[in-house]
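Residue-level structure breakdown
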Amino acid sequence: MHKVLSFCIGIIPMVGFAQIDSVSALTLFDSFEVPRTEKVEYIIQTSTASPMMFSTEPDAIIIRPIDLNTGLPIRVLTLRSNATKKIKQHTLRGDSLFCLVRSSENNQSATYESVVYSLRKDALVEAYRKEIGFEEQEGKRNIQPIFFTASAKGKYALVCRQQPFKSEQKAALDIEITAHPVGKAQRFTLPLPFESDDIELLGVSIDDRGIISIGAKAGVKLNSPFLRKYLVYSFNPLTKELHEFDLSVDKIFMQDMLLKPGIDNLQIVSLYSTDPFKQAESMGYTYVQVDSSGSDISEKMVHRFSPEITAQINGDETRELDAIDGLFLDYLYTINGHTIAVLDRRYQDQVCTTDPRTGIMTCTDQFHFDGILVENLTEPTRSAVIERRQTDYNLAGPYMGLQAYNLGDRILVLYNDHNKNQTTNGERIMNNPSRSALRYVTVTEKGVSRTNLLSSSRLNSFLFMASMEGYIHQSEVVLLFSNGKEYKIGKLDGSQL
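Since this is a predicted model, take the numbers as computed values, not measurements.

1. As for the overall build of the protein chain
- The helix and strand tally for the protein chain stands at 2 helices and 39 strands.
- Computed over C-alpha atoms, the radius of gyration of the protein chain comes to 24 Å, within 12% of the 23 Å expected from 2.2 N^0.38 for 497 residues, which places it in the range of a compact globule.
- Here the protein chain holds 497 residues, and the buried ones make up 53% of them.
- For the protein chain, the distance from the average position of its 53 positive side-chain charges to the average position of its 61 negative side-chain charges is 3 Å.

Structure representation (structure tokens):
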């Protein structure tokens with residue numbers, strides 16, 4: 001498992017939390033079927049239409065508006081690619097579905113279109129279509145990836161791609177911003193102070209003011225951990241100013257990075273190691289806050305994990321550890337003035353056996369999802385570890401992982417646990433779906449406050465699909481459950497937890 005850019009001391013004891021009867025907080029609706037050819041992705045809220053369940057096939061996006069009174073699909077909407085037009089990327093913002101479409105004929109050079117569909121009365125209506133104005137040089141194929149996204153409320157759409165390699169020329173970015181609903185587009189070419197093959201884009205985002213944030217890694221050409229840099233660029237189309245923020249700190253080497261653009265600032269959290277050759281072992285994190293103008297750093301800190309935290313999340317408190325192996329950033333929230341990150345530890349290994357008669361070795365992949373770290377960036381001494389333990393074989397199934405939601409004054413963490421575990425200590429490992437039950441943990445700025453299992457008999461063989469993101473509306477969290485053949489919509493009332 002490789003670390004990538006994402007776009008979201010003392011220990012609080014993990015015993016003695018309030019165990020409350022919260023079975024009534026979960027409502028499960030009737031089941032419905034989804035063809036096995038579809039890959040279910042998530043369920044998401046719209047502004048005025050019904051919630052939408054998204055799934056994909058190799059050449060299609062399938063959208064099911066959901067009636068939350070019954071939990072059943074109202075109808076099935078399909079956007080299908082054809083021989084000349086392929087839907088490459090899509091994202092929903094409010095009631096607008098933004099799609100990046102690749103057009104080509106006879107496998108010749110491709111062009112791209114930005115297409116926006118509006119969801120009106122649970123139907124799709126094409127509202128905007130425009131060819132993206134990236135210039136293709138004759139005889140030069142651009143192998144750089146296209147980054148396509150939209151702002152939180154759908155006010156702006158962004159397409160960004162690095163220009164193709166040119167010998168002895170500096171790198172440059174092509175950017176196209178479209179303001180909606182008017183459809184006014186602007187194009188920019190942003191030169192960067194690196195050679196074309198020495199910088200790699202990691203991710204982009206745009207906020208509802210039109211300010212663009214770009215994560216990048218420099219020092220790619222020499223592939224030296226000592227020369228590698230992690231950079232964040234902020235570009236304001238109104239002032240046409242590009243600002244570079246070097247996240248490097250002396251003798252600290254960055255790893256997994258999470259960017260969260262907001263109304264008033266841009267928050268950046270990055271894991272780090274002091275050993276450049278141990279890129280999978282995290283010793284702490286840096287936190288950077290960029291002001292609302294996107295031009296200055298308003299806050300910056302470096303924090304090293306305490307020995308107690310590293311021992312607890314590694315699951316071995318008997319030996320000295322100075323790093324956490326396989327740690328990833330998942331969520332970043334602000335509650336009651338405290339910035340809190342949710343991280344989890346996950347890694348892959350193998351178990352191999354040899355047949356003594358033939359000498360043939362057989363190996364099975366194992367996927368481990370272990371401790372969850374709820375890190376209070378404002379007051380690190382109030383950080384806490386949830387001792388989850390999950391294992392899957394051959395591939396990481398859809399019930400593995402976690403989800404976290406902001407309830408305003410609390411963070412709600414959800415994952416599948418063994419149905420006989422009484423606490424979050426994880427004395428029984430969850431490695432069989434039939435033995436799992438949905439566990440919730442609520443976290444305040446003071447640490448973990450409540451936890452309980454939602455009865456497995458109540459779920460009636462339907463499992464929480466942790467890998468398929470739900471959404472939160474006011475105090476209710478809408479989730480997906482499945483028994484492997486059918487799906488159910490579940491509503492979890494956060495006010496009862």
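That shown, we press on.
2. Notes on a nonpolar patch on the surface
- There is a patch of nonpolar side chains on the surface, built from Phe226, Leu227 and Phe277 and spanning about 370 Å² of accessible area.
- With respect to the helices and strands, Phe226 occurs in the loop between strand E18 (212-218) and strand E19 (229-236).

3. Side note on the pattern of salt bridges
- On inspection of all chains with the given rule, the structure shows 19 salt bridges.
- Across the pair Glu38 and Arg64 runs a salt bridge, and its minimum N-O distance is 2.8 Å. Here the residue Glu38 occupies a position in the loop between strand E3 (32-33) and strand E4 (39-44), and Arg64 occupies one in strand E6 (residues 60-67), the gap between them amounting to 26 residues.
- Relative accessible area serves as the criterion here: at 5%, Arg64 is assigned to the buried category.
- One salt bridge in this structure joins Glu113 and Lys85, with 2.9 Å as the shortest N-O distance. Here Glu113 is found in strand E11 (residues 111-120), whereas its partner Lys85 is found in strand E9 (residues 85-93), with 28 residues between them in sequence.
- According to the relative accessible area criterion, Glu113 is buried, its value standing at 12%.

4. A closer look at the sheet that holds strand E33 (residues 411-418)
- If you walk across this open sheet you meet the 4 strands as E32-E33-E34-E35, and the pairing is antiparallel. Each having just a single partner strand, strand E32 (403-406) and strand E35 (447-454) make up the two edges of the open sheet. Strand-to-strand, the axes of this sheet are offset by a mean angle of 25 degrees, without reference to chain direction.
- Pairing of strand E34 (residues 436-444) with E35 involves 7 bridges; the strand directions are antiparallel. Opposite Arg439, over in E35, you have Leu453 as the bridge partner.

5. Considering the pairing of strand E15 (residues 170-179)
- Within E15, 9 of the 10 residues are buried, leaving the element largely enclosed by the surrounding structure.
- Direction of pairing for strand E14 (residues 156-162) relative to E15: antiparallel, over a ladder of 7 bridges. Bridge assignment links Cys160 to a residue of E15, and that residue is Ile175.
- Bridge count between E15 and strand E16 (residues 184-195): 9 bridges; the pairing is antiparallel. In the strand pairing of E16, Ile175 is matched with Phe188.
- Hairpin connection between E15 and E16: a loop of 4 residues separates the two successive antiparallel strands, and Gly183 in this loop has a positive phi of roughly 80 degrees.

6. Notes on the sheet that holds E16
- In space, the 4 strands of this open sheet follow the order E13-E14-E15-E16, with antiparallel pairing throughout. Bordering the open sheet on either side are strand E13 (146-150) and E16, each of which pairs with just one other strand. In this sheet, neighbouring strand axes are inclined to one another by 15 degrees on average, regardless of whether the strands run parallel or antiparallel.

7. Some remarks on helix H1 (residues 307-314)
- Most of H1 is tucked away: 6 of the 8 residues are buried.
- All buried positions along H1 are accounted for by Ile309, Thr310, Ala311, Gln312, Ile313 and Asn314.
- Each element contacted by the buried residues of H1 is listed here: strand E26 (324-325), strand E27 (327-335), strand E28 (338-354), strand E29 (361-376) and strand E30 (384-386).
- Just downstream of H1, Gly315 is the residue with a positive phi angle, here 80 degrees.

Quick notes on the rules
- Chains are numbered independently. Their residues run from 1 in the order of the written sequence.
- With pLDDT at 70 or above as the cut-off, local features in this predicted model cover only qualifying residues; side-chain atom pairs require 80 or more to be listed or tallied, and sums for whole chains, interfaces and linings still use all residues.
- The basis for every side-chain value is the complete set of heavy atoms in the structure, and neither hydrogens nor water enter the calculation.
- Numbered from the N terminus, helices here are DSSP runs of H or I no shorter than four residues, and strands are runs of E no shorter than two.
- Based on C-alpha atoms, the radius of gyration is set beside the globule rule, defined as 2.2 Å times the residue count to the power 0.38.
- Using a 1.4 Å probe on the protein chains alone, a residue whose accessible area is under 20% of its type maximum counts as buried, one over 50% counts as exposed, and one in between counts as partly exposed.
- By the counting rule applied here, Lys and Arg register as positive and Asp and Glu as negative, while His and the ends of each chain are not counted.
- By convention, charge coordinates are those of NZ in Lys, CZ in Arg, CG in Asp, or CD in Glu.
- Like-charged residues are merged into a patch within 9 Å and nonpolar side chains (Val, Leu, Ile, Met, Phe, Trp, Tyr) within 5 Å, provided each residue has over 30% relative accessible area and no salt bridge.
- Residue-level accessible areas treat just the shown protein chains as cover; the underlying method is Shrake-Rupley with a 1.4 Å probe.
- For salt bridges, the criterion is a side-chain nitrogen of Lys or Arg within 4 Å of an Asp or Glu carboxyl oxygen.
- Whether two strands pair depends on DSSP finding at least two bridges between them.
- Note on geometry: axes are C-alpha line fits, over the in-contact stretch for helices, and angles between N-to-C directions span 0 to 180 degrees.
- Whether two residues touch is decided by their heavy atoms; if any such pair falls within 4.5 Å, the residues are in contact.

The values reported here are purely geometric and, on their own, carry no functional implication.
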